[in-house]
Amino acid sequence: MAAPLRPPTGIPAQAYARRRRQLMRMAGEDAILVLPAAPERIRSRDTFFPYRQDSDLWYLTGFPEPEAVLVLVPGRRHGEALLFCRERDPEREGWDGPRAGPEGAVEAYGMDDAYPIDDLDEILPGLLEGRTRVYYHFGRDTEFDLKLIGWLNRVRAQVRLGAQPPHEFLELGHLLDEMRLFKSRDELRLMRHAARISVEAHAAAMRAARPGIREYELQAEVERVFRAAGAEPAYNSIVGAGANACVLHYRANRGQARDGDLVLIDAGAEYQGYAADITRTFPANGRFSKAQRELHELVDAARAAALEQARPGVPYEAGHHAAVRVLTEGLLRLGLLKGSLERNLASGDYKRYYRHKTGHWLGLDVHDVGDYRIDGQSRLLEPGMVFTIEPGLYIPAGDTSVPAKWRGIGIRIEDDVAITKDGHEVLTDGLARSADEIEAFMAAR
Ligand code: GLY
Ligand code: MN
Ligand code: MN
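Right, let's walk through the structure included here.

So, how was this worked out
Residues numbered from 1 in each chain as written. Chains lettered and ligands numbered in written order. Predicted model: local features only at pLDDT ≥ 70, side-chain atom pairs only at ≥ 80, totals over all residues. Heavy atoms only, no water. Helix = DSSP H or I, 4+ residues; strand = E, 2+ residues; numbered from the N terminus. Rg over C-alpha atoms; globule rule 2.2 N^0.38 Å. Buried < 20%, exposed > 50% of the residue type's maximum accessible area, 1.4 Å probe, protein only. Contact = heavy atoms within 4.5 Å. Areas by Shrake-Rupley, 256 points an atom, 1.4 Å probe, with all protein chains shown as cover. Lys, Arg positive; Asp, Glu negative; His and termini not counted. Charge placed at Lys NZ, Arg CZ, Asp CG, Glu CD. Donors = N, O, S within 2.8 Å, 3.2 Å for Na, K, Ca; no water. Near = heavy atom within 4 Å. Polar contact = N/O pair within 3.5 Å; in protein donor to acceptor, adjacent residues only side chain to side chain. Nonpolar A, V, L, I, M, F, W, Y, C, P; charged D, E, K, R; others polar. Core = buried A, V, L, I, M, F, W, Y, C linked by side-chain atoms within 4.5 Å. Pairing = 2+ DSSP bridges. Axes fitted to C-alpha atoms, helices over the stretch in contact; angles between N-to-C directions. Expected span 1.5 Å × (residues − 1). Arc of directions from axis to C-beta. Tetrahedral: all angles 85-135°; square planar, octahedral: opposite > 155°, others 65-115°. Phe/Tyr/Trp six-rings, centres within 6.5 Å; stacked < 30°, edge-to-face > 60°. Lys NZ or Arg CZ within 6 Å of the ring centre and 35° of its normal.

### Concerning the overall build of the protein chain
The secondary structure content of the protein chain amounts to 13 helices and 21 strands. By the compact-globule yardstick of 22 Å for 445 residues, the protein chain fits well, its C-alpha radius of gyration being 25 Å. Oriented by its inertia axes, the alpha-carbon framework of the protein chain measures out at about 80 × 50 × 40 Å. Scored against the burial criterion, the 445 residues of the protein chain give a buried share of 55%. Partitioning the intrachain contacts of the protein chain with sequence separation of at least 6 by distance along the chain shows that 70% fall at a separation of at least 24. Total accessible area on the protein chain stands at roughly 20800 Å², and carbon and sulfur atoms take up 49% of it. A gap of 5 Å separates the mean positions of the 59 positive and 67 negative side-chain charges of the protein chain.

### Some thoughts on the coordination of the manganese ion (ligand 3)
Protein-derived ligands of the manganese ion (ligand 3) are Asp-266 (OD), Asp-266 (OD), Asp-277 (OD) and Glu-414 (OE), with the metal-ligand distances lying across 2.0 to 2.4 Å. All donors of the manganese ion (ligand 3) come from a single chain, and their spacing in sequence reads D-x10-D-x136-E. In this model, the manganese ion (ligand 3) sits 3.2 Å from the manganese ion (ligand 2), the two metals being bridged by Asp-277. Residue Asp-277 is found in the loop between β13 (274–275) and β14 (278–283), and its partner Glu-414 is found in the loop between β19 (410–412) and β20 (415–419); the two are separated by 137 residues along the sequence.

### Focus on the site of ligand 1
What surrounds ligand 1 is the set Tyr-235, Asp-266, Asp-277, His-360, His-367, Glu-390 and Glu-414. Contact between ligand 1 and Asp-266: a nitrogen atom at 3.2 Å from a side-chain N or O atom of the residue. Here an oxygen atom of ligand 1 sits 2.7 Å away from a polar atom, N or O, in the side chain of His-367. Bound to the protein, ligand 1 loses 91% of the 190 Å² it would expose on its own. Class assignment of the residues belonging to the shell around ligand 1 gives a composition of 1 nonpolar, 2 polar and 4 charged.

### Topic: the nonpolar core
Among the nonpolar cores identified, the biggest contains 124 residues, and Leu-33, Val-263, Ile-265, Leu-295, Leu-336 and Phe-387 are the most heavily contacted of them. Tallying contributions element by element places helix α8 (residues 185–208) first for this core, with 12 residues. Beyond its immediate stretch of four places on either side in the chain, Leu-336 contacts Leu-295, Leu-331, Arg-352, Tyr-353, Ile-395, Val-402 and Trp-406. Judged by nonpolar contacts, the second largest core, of 21 residues, contains Val-71, Val-73, Ile-117 and Leu-148.

### Focus on the sheet that holds strand β10 (residues 238–241)
The strand order across the open sheet built from 3 strands is β10-β11-β14, with neighbouring strands paired in antiparallel fashion. Looking along the sheet, the strands with just one partner apiece sit at the ends: β10 and β14. The average undirected angle you get between the axes of adjacent strands in this sheet is 10 degrees. Bridge count between β10 and strand β11 (residues 262–267): 4 bridges; the pairing is antiparallel. Along β11, the bridge assignment pairs Ala-241 with Val-263.

### Some details on helix α9 (residues 215–228)
Between its first and last C-alpha atoms α9 spans 20 Å; for 14 residues at 1.5 Å apiece the expected length is 20 Å, and the two agree. Considered for burial, the residues of α9 that qualify are Glu-215, Leu-218, Gln-219, Val-222, Val-225 and Phe-226. Taken end-on, α9 shows its buried residues confined to a sector of 125 degrees, consistent with a single buried face. Exposed and facing more than 90 degrees away from the buried side of α9 are Arg-227 and Ala-228. Close packing links the buried residues of α9 with α8, β9 (232–233), β10, β11 and β12 (269–271). After α9 finishes, the residue Gly-230 shows a positive phi value of roughly 75 degrees.

### Things to note about the coordination of the manganese ion (ligand 2)
Here the manganese ion (ligand 2) is held by Asp-277 (OD), His-360 (NE2), Glu-390 (OE) and Glu-414 (OE), and the distances to it run 2.0 to 2.2 Å. Around the manganese ion (ligand 2) sit 6 donor atoms, and with donor-metal-donor angles ranging over 51 to 156 degrees the site reads as irregular. Coordination of the manganese ion (ligand 2) draws on donor residues from a single chain, spaced D-x82-H-x29-E-x23-E in sequence. Judged by relative accessible area, Glu-390 falls into the buried class, the value being 9%.

### Overview of the packing of aromatic side chains
Both the distance between ring centres and the angle between the ring planes are used here to describe each pair of aromatic rings. Tallying each qualifying case throughout the model produces 11 aromatic pairs. With a centroid separation of 5.2 Å and an interplanar angle of 50 degrees, the aromatic rings of Tyr-316 and Tyr-372 are classed as tilted. Here the residue Tyr-316 occupies a position in the loop between α10 (290–308) and α11 (318–333), and Tyr-372 occupies one in the loop between α12 (341–347) and β15 (373–374), the gap between them amounting to 56 residues. Put simply, the rings of Tyr-136, Phe-138, Phe-144, Trp-151 and Phe-169 touch in pairs and so form one group of aromatic residues. Positioned above the aromatic ring of Tyr-59, the side-chain terminus of Arg-19 is 4.2 Å from the ring centre.

Next comes the structure, spelled out in structure tokens:
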């Protein structure tokens, strides 16, 4: 077992304050920004899903509690950063754990001012009054949308008395998504840590694999390592043996790996809110068959081709195009596709076996925020962007148009990559990836 990973330092309080100031500068002095905490969600009758803070609120405050609303009021003399949150309550805290309370929101979270969440109704209309623009995520939380409309109507009802209601309503994501797309040094440190935990977790699963093992046993290995490192799954872990690997968002994880099956594991840790996202595909018995190896080497070549495009100034989509070209060439060479390369690329016939894109932004959300295209064109890569590279091939078990040896093979290889000043950093290196590396790793268990 490797030495325990030393946890990195978190995001310093000044960094949250800097983010809030930057966002307010972009929004302008006549704006107001409203960000509610994620609601708690019931899993069953009176028990809840584990609470996960809204990524935007987390990004701007690091505040972990539900029933909170951040209101940013640029230029407001009596304080710009306001948090409404639950009051201290010894009785409730005895059941649910400590709360910061408004005092803690100021002292520990650097708010300019804080109020009990129960006072939101009374105070918010007064904060909206006189502001022309409201930045908010419309449509994300219907219950909160209606409350906001109610507060606006309260200001509108006062117009004859001289009140000035806001009259522009803007999507908060226009400003905030762009900030979140570029990861700071502090954020990269946390993402590297989430990636390291995930690398160890996948290695643990490869060590545990054997014919006959259940998919959920491998899931347990992966998530044991996450939890032991103070992390949790960033998304539902996908563990698919045999043809289950062809189901892109397979979640049942109840199948059994037979001798000769490949196992696809797509799982990533979330550490202090930041996600990793790794996929490896390996043989349950430690040895690839010839057909499995041929497809695995093809997917790995596509991964390498996409990675070559990961540097500043290159269009984001170049990685996908490079991967698709390599996959299509390989499928033609192996006889899974027929005809010419250019015709197959133009017709998109390769999509029979490769239905998804080669990656996505990665950060506080596993499919992180940020535009992929600007003015109809793929945006260019810049330092600080982090994304996955995850080509795959999935040959349906029932595809009788190909020889039987290919049927039911599903393979994906997924790494996390940060763009640097002069190239890239692969955050998920250090985990067996190629067929040769995986066989060597599993033989040495
Ligand atoms: N785990 C989801 C994805 O790879 O995008
Ligand atoms: Mn992914
Ligand atoms: Mn994934």
